[in-house]
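Observations on the model geometry
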There are 2 protein chains.
Amino acid sequence: MSLHEVPNIAPRCGDCPIRHRAVCARCETDELAQLDAIKYYRSFEPGQTVVWAGDRMDFVASVVTGVATLTQTLEDGRTQMVGLLLPSDFVGRPGRPNAPYNVTATTDLLMCCFRKKPFEDLMGRTPHIAQRLLEMTLDELDAAREWMLLLGRKTAREKIASLLAIVARRDASLNLRTPSGRMAFDLALTREAMADYLGLTLETVSRQMSALRRDGVIELEGKRHVIVPDYDLLLDEAGDDADGGYLP
Amino acid sequence: MSLHEVPNIAPRCGDCPIRHRAVCARCETDELAQLDAIKYYRSFEPGQTVVWAGDRMDFVASVVTGVATLTQTLEDGRTQMVGLLLPSDFVGRPGRPNAPYNVTATTDLLMCCFRKKPFEDLMGRTPHIAQRLLEMTLDELDAAREWMLLLGRKTAREKIASLLAIVARRDASLNLRTPSGRMAFDLALTREAMADYLGLTLETVSRQMSALRRDGVIELEGKRHVIVPDYDLLLDEAGDDADGGYLP
DNA sequence: CGAGCCCTTGAGCCGCATCAAAATAAGTGG
DNA sequence: CCACTTATTTTGATGCGGCTCAAGGGCTCG
């Protein structure tokens, strides 16, 4: 049994870092206690698969810390990432037995899991959970549609800039800041994962990252730490000044 | 006032053609009566805009008959369709004041509308509506992610074949048939609308339609009536034999 | 019959993919 | 601590799929 199968942190719901944003966000104290009673934690190492597309999946879960990806593939191996799961995001669908996508950890990942049946029962009794889940699903749908615009109509350079802007924005929101001016963050994705998200090849991703660096839109420390000197400039490069509404 | 603003059909809920699939599908008789009390119909002509992205939208609605599209654009005019609304599909988001996308009728369109506030109130009281809406939203999310794979990784030919397969499938399901063998249907989209859906130009759409016709994958009667001699062959051309799960 | 659409087809070009190889980084075992 | 391995990233050379620009054909409707 690897160290990773036993989390070193197993927060009480009260001081859970995603308490205010996850599927449990709307719950009252008593509702929270019911969730607390059926929850359990699982952790994964980078590269580890959480579930395979098509496999039976008898739990649902929230990402507590770390990053995971949802991917879909064609038989000949072409791969498209269809979701990037960050802390507070929800995985799994009540009322469906099998996983529709591969779920893979890209960093150390801690998930707060609920066996599906008890969770569904609880959802039937507590509208606060169902309400929050609907809200989160509608947000995800908006994000997916935003991504359709990116995949269908943006240039490689715009795609990269959009991805960086989104990660910068979510990183800021996690630290309760407004995205603006100079920002810095770690990019938890390999060039290949970025390519899979953006519908590009990893070579094109690398070339466009170099180009954005040459043009002063970003700076790089090592391969994964990104510094954005001017967030507005990055947004310009992304092609839509509407910003995207990826997250509140 | 155009003829189109007053629908010639205004079905009672009891014999509504989308009764079994729309947001009201799970409602009991009394719940249905409450919906019946606040519903009203609106109809639109081909090309007419239902709402503009960003505009205030104080109703939600179900498509009863006809086809509508959801589109998003960049400032320079690049357009991406992010949803194709067929009968029973739901438009609008409870809990959000403004429309995130352009909604446009592509055929004669009849919508069953509810003012947002009463609908939200009713949703709070009747879990059957909220449940059904969650289910539909999750299905839409799956469809959007399926489309992400298409936009990011499929060739032009595969994209066209995928679109035709999906429309063929939904048309069959509307007529309570299983898609297979020889099929025929009307395509309610112009070449340009197809291009906007597939992330292509209209010229490429036209060329690939011609190519599929030359190769015997489809036959055309006029520009819009499509005959599929062998549905399985079409699925092969679409690139994913998993079929896609676009609709039940 | 003429005016708009919508669609098709052609010619040429460009952005990104493909193929290939070298540079950098991070282990791993001797 | 170093030689060796393996994963990741960068960069270069070349080719092709789909875009752009342009012209012409069919249909519908006044």
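Here the residue numbering is sequential within each chain, running from 1 through the sequence in written order. Think of it this way: whatever chain is written first is A, whatever ligand is written first is 1, and the rest follow in order. Totals for whole chains, interfaces and linings use every residue, but because this is a predicted model, local features are given only for residues with pLDDT of at least 70 and side-chain atom pairs only at 80 or more, for both listing and counting. Note that water and hydrogens are dropped before the side-chain values are worked out from all heavy atoms of the structure.

This part takes up the sheet that holds strand β4 (residues 68-73) of chain B. A pair of strands counts as paired when DSSP detects no fewer than two bridges linking them. Only DSSP runs of H or I with at least four residues qualify as helices, and only runs of E with at least two residues qualify as strands; both kinds are numbered from the N terminus onward. Read across the open sheet, the four strands follow the order β2-β7-β4-β5 (chain B); overall the sheet is antiparallel. The open sheet is flanked by β2 (49-51) and β5 (79-85) of chain B, the only strands paired with a single partner. Adjacent strand axes in the sheet meet at a mean angle of 30°, parallel and antiparallel pairs treated alike. Where β4 of chain B and strand β7 (residues 102-105) of chain B come together, four bridges link them in antiparallel fashion. In the strand pairing of β7 of chain B, T69 of chain B is matched with T104 of chain B. For this analysis, residues touch if any pair of their heavy atoms sits within 4.5 Å. Here, axes are lines fitted to C-alpha atoms. For helices the fit covers the stretch in contact, and angles between N-to-C directions go from 0 to 180 degrees. Helix α3 (residues 127-153) of chain A rests against β4 and β5 of chain B of the sheet, and its axis sits at about 130° to β5 of chain B.

Moving on, we come to the environment of G54 of chain B. Residues and elements named next belong to chain B. When you line up the elements, G54 lands in the loop between β2 and β3 (59-65). Along the chain, G54 and A99 lie 45 residues apart, while their C-alpha atoms are 5.2 Å from each other. Apart from residues no more than four positions distant in its own chain, G54 is found in contact with N98 and A99.

Quick look at the packing of helix α3 (residues 127-153) of chain B against helix α4 (residues 156-174) of chain B now. Residues and elements named next belong to chain B. In the contact formed by α3 and α4, the axes pass within 9 Å of each other and the chain directions differ by 155°. As the angle between them shows, α3 and α4 are arranged roughly antiparallel. Every residue of α4 that contacts α3 at W147, L150, L151 and R153 is listed here: E158, K159, S162, L163 and I166. Residue polarity is assigned by list, with Asp, Glu, Lys and Arg as charged and Ala, Val, Leu, Ile, Met, Phe, Trp, Tyr, Cys and Pro as nonpolar; anything else, Gly included, falls into the polar class. Tallied by class, residues from the contact of α3 with α4 come to five nonpolar, one polar and three charged. Put simply, angles under 35 degrees are roughly parallel, angles over 145 are roughly antiparallel, angles from 65 to 115 are roughly perpendicular, and the rest are oblique.

Moving on, we come to the packing of helix α1 (residues 29-38) of chain A against helix α2 (residues 116-125) of chain A. The axes of two packed helices give the description: the angle between them and the distance between them. Residues and elements named next belong to chain A. Where α1 contacts α2, the axes come no closer than 11 Å and their chain directions differ by 170°. Between α1 and α2, the angle falls in the class roughly antiparallel. Residue-level contacts link Q34, L35 and I38 of α1 to P118, F119, L122 and R125 of α2. Across the contact of α1 with α2, the residue classes tally to five nonpolar, one polar and one charged.

Take the UniProt feature "domain: HTH crp-type" (unreviewed entry) in chain A next. UniProt positions are given in the numbering used here, feature names are shortened, and annotations may be inferred rather than shown by experiment. The sites that UniProt annotates as "domain: HTH crp-type" (unreviewed entry) are residues 154-232 of chain A. Along residues 154-232 of chain A, the helical share is 53% and the strand share 14%, with 18 Å between the first and last C-alpha atoms.

The next subject is the protein's contact with DNA strand C. Residues are classed as near a molecule or strand on a simple rule: at least one heavy atom within 4 Å of it. Among the 17 residues in the neighbourhood of DNA strand C, the closest are listed as T204 of chain A together with R191, S206, R207 and S210 of chain B. Sugar and phosphate atoms form 65% of the subset of DNA strand C atoms that lie within 4 Å of the protein. Between DNA strand C and T201 of chain A there is a distance of 3.1 Å, counted from a phosphate oxygen to a side-chain nitrogen or oxygen. Only α6 (202-214) of chain A together with α6 (202-214) of chain B provide two or more residues apiece to the surface near DNA strand C. Residue contributions to the surface near DNA strand C peak at five residues, all from α6 of chain B. Partitioning the surface near DNA strand C into residue classes produces three nonpolar, seven polar and seven charged. Contacts described as polar in this section are N or O atom pairs within 3.5 Å, which, within protein, must combine one atom able to donate a hydrogen with one able to accept it, while residues neighboring in sequence count only if both atoms come from side chains.

Here the second copy of the chain follows from the first by a rotation about an axis and a shift along it. The least-squares superposition of copies is restricted to C-alpha atoms, and to residues with a pLDDT of at least 70 in both copies. For the pair chain A and chain B, the superposition axis carries a translation of 0.0 Å, the fit reaches an RMSD of 0.1 Å, and the rotation angle comes to 180°. The transformation just described matches what one would write down for a two-fold rotation axis. Both copies contact each other with a shared surface, as 100% of the interface residues of chain A are interface residues in chain B too.

Once that is clear, we can look at α6 of chain A. All names here are of chain A. With 13 residues, α6 ought to run about 18 Å at 1.5 Å a step, and its terminal C-alpha atoms sit 18 Å apart, in line with that. By the burial criterion, the buried members of α6 are V205, Q208, M209, A211 and L212. For α6, the buried positions fall inside an angular range of 160° around the axis, keeping them on one side. Seen from the buried face of α6, the exposed residues on the opposite side, beyond 90 degrees, are R207 and R214. Each element contacted by the buried residues of α6 is listed here: α4 (156-174), α5 (191-198) and β10 (219-221). Take the number of residues in a helix, subtract one, and multiply by 1.5 Å to get its expected span. Only protein chains enter the calculation, and the probe is 1.4 Å; a residue is then buried if its accessible area is under 20% of its type maximum, exposed if over 50%, and partly exposed in between. Of all possible arcs, the one meant is that of the directions from the helix axis to the C-beta atoms.

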